[in-house]
Amino acid sequence: DETPGDQKKRARTKTHHHHHRHMSSSSHYIQAETSARIDACFGGVVVESGTKFQYYQDRNKRWPFTCSEKGYALLTKLMTAVTPVLKSIRQEITDSGKNIDETLEKGREIYARKPAIKNEDVTWSQEEYADLGLIFEYCRYKSIQRLTEAWSTFEKAKKKRLFEFVDRKVQLMDERREKPRETNEYDTDAVFDATKEDEDEGDKVFLRVASLGGGPGFELLAFKWFIEYAFRANYNAKKHGDVELISLDLAESWEKICNQLHPMKFSAFDLVKDGDAMLEEKCGGAVDVLLLSYVAKMYCCNDECYEWISKKINDRQVSIAFVISRDEKMEEFIRGFEKKGVLVTPLMDQTLGKDHRLLALTRRLDEDVAEAIEKLEIEDNRRKSLDKKVAAEEDDGWTEVHKEKEIPPTFPNVPYVEHRKAKVDKYQNKKAGNYHHHDRNNGNNPKSESYSNFSRNSHGKDSYSRGGRDNNSSGGAGGGAKGSRW
């Protein structure tokens, strides 16, 4: 017979095993440590509560975000990789003879106040980037922000078919590997060569990815993990080669961090002076993908960068460049590349107005390829229009009518869009108020305008806080129940 205590213990064990099976079944690729084994350096920025997962991008933990189970696994994978880096920084501070508490406090102050931004028009100066306290604080919080925003960027790009170059490369490599077996079945030399190629394949580079102004390179880790996860059905690192990561940055203090985040490389690089002539030399070979994470506005809005990056793309040397920025309006940056013949594709939803925070830079497609894609898009639009007709009766005039049947994003509401929704809500309330004041008895439909109409008539200039809160909102940053919808 079981005692009440035994029954409780068995119930806890059963619940634990059930939850463990649940986590394992959906983590096909991502093998992450459990949160209990992650070092306390991160201070609880990721929280697991049953089947709900919450995390913070800000160091004060004011704005919670939610994520999927896959997102939770990615974040724990990231923290597992970064924790040894944080430990080594603490050890380096101790070995230097400095007071660790004072050093970390100074780093927190530099991180929060950004003194260089007023005088030098940069987030932090090169001297500040070398401060161990700032490096520690940066790695704690920027790692979370950079990973989630980069992953969202790549998910959005894949939905727009901008990763087809990966599928093509896998297909070409597979065809090349199979060809000797098909055409030279009895040629022992060809069989030997093919076998040798199989043995050497693991040493080859499948994709070489460089992050301009990449710092510690957290967005590079996101790219590598995204390729391994999103293309796991066809891509295999042992068979096709690895994704090589290179961080290019003026601040050489990041080199030690990059070396710890294996298998990343680091090279000192000046975006303006070194671009066209030095890219391949600094990266150890041809570069397939460029990442511009939080460098576009401050460092790349100049003709030198427009010229050399465009040349790499237009000459088919670079397949794609991804731009991640905090600035929603990047017209000057976009025009600079469009004048050079580059196709700039916004990845954020534009129905709430212009939003240039996530961009993809690619070569303008050949006419036959563009025509084929156009036909696919026409078919997609035809199918969607049928769905819209069914849903039209339930349209309240401002919410999105068509809700696509697709896999939900790993990190909802990243980058943050609740402040944009709040602007629309404010606009709709104002329109509704005008209706009730002027048109109460004229028989007009009181339905407020759609988001697309708002974007065409976006004369409202109201300023909203990062939390997107107004008098009619309960606040929260986007990760909560409200934020996760967008």
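Residues numbered from 1 in each chain as written. Predicted model: local features only at pLDDT ≥ 70, side-chain atom pairs only at ≥ 80, totals over all residues. Heavy atoms only, no water.

Q: Could you give an account of the sheet that holds strand β1 (residues 46–49), with specific residues and numbers?
A: Pairing is antiparallel in the open sheet, where three strands are placed in the order β1-β2-β3. Pairing within the sheet leaves two strands with one partner each, and these edge strands are β1 and β3 (64–67). Strand after strand, the sheet turns through a mean of 30° between neighbouring axes, direction not considered. Sheet analysis places strand β2 (residues 52–56) next to β3, joined by four bridges and oriented antiparallel. (Pairing = 2+ DSSP bridges. Helix = DSSP H or I, 4+ residues; strand = E, 2+ residues; numbered from the N terminus. Axes fitted to C-alpha atoms, helices over the stretch in contact; angles between N-to-C directions.)

Q: Hey, could you go over the pairing of β1 for me, with residue numbers and the actual values?
A: Strand direction decides the pairing type here: β1 and β2, joined by four bridges, are antiparallel. When the bridges of β2 are listed, Val 47 appears paired with Gln 54. Linking β1 to β2, which pair antiparallel, is a turn of two residues; within it Gly 50 sits at a positive phi near 65°.

Q: Pulling in residues and values, what's your account of the nonpolar core?
A: With 81 residues, the main nonpolar core has Phe 163, Phe 223 and Phe 322 as its most contacted residues. Looking at this core, the element that brings in the most residues is helix α6 (residues 132–159), giving 13 residues. Beyond its immediate stretch of four places on either side in the chain, Phe 223 contacts Phe 154, Phe 163, Leu 207, Val 209, Val 243, Val 289, Leu 291 and Phe 322. Judged by nonpolar contacts, the second largest core, of 30 residues, contains Ala 296, Cys 305, Tyr 306 and Val 323. (Core = buried A, V, L, I, M, F, W, Y, C linked by side-chain atoms within 4.5 Å. Buried < 20%, exposed > 50% of the residue type's maximum accessible area, 1.4 Å probe, protein only. Contact = heavy atoms within 4.5 Å.)

Read these as layout, nothing more, since geometry by itself doesn't imply function.
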